[in-house]
Amino acid sequence: MPAFFSRAWWRAFRPARTGINSRERLRLVTGSLIGIFLTGLLCHLAGGTGVLNLPWLVAPLGASAVLVFAVPASPLAQPWSVVGGNTVSALVGIAVVHGTHLLGFPDLAAGLAVATAIALMLALRCLHPPGGATALMMVLGGISDPAFAFYPVMLNSVLLVAAGIAYNNATRRSYPHTQLPLASGVLSGKARQLDADLDAILARYNQVLDVSRDDLQTLLAGTQLRAYDRKLAEVRCADIMSRDLVTVEFGTTLQEAWALLRGRAIKALPVVDSSFRIAGIITLADFMRAAELDVYDGFDDKLRKLLRSTRSAYSSKPKVVGQIMTRNVRVAGMQRHLVDLVPLFGSTGHHHIPIIGEGERLVGMITQSDLVTALGRAADPAV
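K.L.:
Can you explain the overall build of the protein? Please cite residues and give values.
P.N.:
Of regular secondary structure, the protein possesses 17 helices and 6 strands. Here the protein, with 383 residues, has 34% of them falling under the buried criterion. Element-wise, carbon and sulfur atoms account for 61% of the exposed surface of the protein, whose accessible area totals about 22,900 Å².

Written out as structure tokens, the structure is:
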């Protein structure tokens, strides 16, 4: 069955929705009104109908206004595209009019004018769709005076661009739209690869797009970031917490707790009661505080003194974990979303957050390393 009989082929004729709100619609409609009005008024004052009853406003300018005010970020709407495209196309059309008597076919002359105008606009990097209409207008109107390309065509275009620059920037739309230079040298490895992938896809697509490469890159990055946020928002504490826990009790000796910290290469030990509920947490910072290790002089001696066991029952020196542990412990539930914990790690100085389950019993621990691993997995599109 031929493709044009398929439902998908006919569906391509359905007009796409314009993804802008009513405020943006009003902005571009108002801009077009102001732009055309000012351009026509100033050109009228500058020359009126002038010699040979030439008009002061050309019809293709209406199409230019659509681009300048409705899609100011488009490569086809940039100042050089508008001014260069319309002026060059007008000169091409006028040249074809002069050679019409050689061609003898007005229809061929019209096609030649439009095709040549497109070729020149591509070569001069000023492709502008209304330029094709400008070239055609010269041929259909039999306009042979080269001055027409400058007044009114070029002057119309310059004034419209000036109005576009003033109005678009006043309404917070960048115009001219800056084309960002490639900065692959400062990109990370993954970003550089994505940049290269975008170039490869564009080369394979091999068509003129009404959107610049840097805008495509920005949209792609924004889409990836949104997907990353959504993916990260679905991660819960239970999904990434460490379940292989090393814990101590209130009465665990300092020597034993220190040996666990050093032997397991960890920085914190949850302190639990007989029901495995959190009673506190002991970290390297607690040991340093108890041994008064804020001054490095005598570091080893102070630590040995703290850890050395004493036979006296009334020693003022702490002996067990419960005497030096941090009692005010920030905990989180298993079903809590990971994104809720990011501020705790980032701004409050937390390095370990115990995770509790049913009956407020300790079921896991999330460390900064677990958080970084989770962020990396969320950023990986293959996961």
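K.L.:
Quick one: what's the story with the pairing of strand 2 (residues 268–272), residue by residue and with numbers?
P.N.:
Of all 5 residues that make up strand 2, 5 are buried, and the element is covered over most of its length. What you see with strand 2 is no split at all: Ala268, Pro270 and Val272 on one side and Leu269 and Val271 on the other are buried throughout. Where strand 1 (residues 248–249) lies against strand 2, 2 bridges are found, and the strand directions are parallel. Paired with valine 248 across the two strands is valine 271, which belongs to strand 2.

K.L.:
Quick one: what's the story with the pairing of strand 6 (residues 362–367), residue by residue and with numbers?
P.N.:
A large share of strand 6 lies buried, amounting to 5 of its 6 residues. In this structure, strand 5 (residues 352–356) lies alongside strand 6, joined through 5 bridges in antiparallel fashion. Across the sheet, isoleucine 353 pairs through a bridge with isoleucine 366, a residue of strand 6.

K.L.:
Explain unusual backbone geometry to me, using residue names and the numbers behind them.
P.N.:
In this structure, proline 152 follows tyrosine 151 across a cis peptide bond, with omega equal to 15 degrees. In this fold, proline 152 is placed in helix 8 (residues 150–170). Proline 176 follows tyrosine 175 through a cis peptide bond whose omega is 0 degrees. Relative to the helices and strands, proline 176 resides in the loop between helix 8 and helix 9 (189–205). Although it is not a glycine, phenylalanine 276 adopts a positive phi angle of roughly 65 degrees.

K.L.:
Hey, could you go over the sheet that holds strand 4 (residues 332–333) for me, with residue numbers and the actual values?
P.N.:
Overall, mixed pairing links the 3 strands, which are arranged 4-5-6 in an open sheet. Of all strands in the sheet, those with a lone pairing partner are strand 4 and strand 6, marking the two edges.

Calculation criteria
- Residues numbered from 1 in each chain as written.
- Predicted model: local features only at pLDDT ≥ 70, side-chain atom pairs only at ≥ 80, totals over all residues.
- Heavy atoms only, no water.
- Helix = DSSP H or I, 4+ residues; strand = E, 2+ residues; numbered from the N terminus.
- Buried < 20%, exposed > 50% of the residue type's maximum accessible area, 1.4 Å probe, protein only.
- Areas by Shrake-Rupley, 256 points an atom, 1.4 Å probe, with all protein chains shown as cover.
- Pairing = 2+ DSSP bridges.

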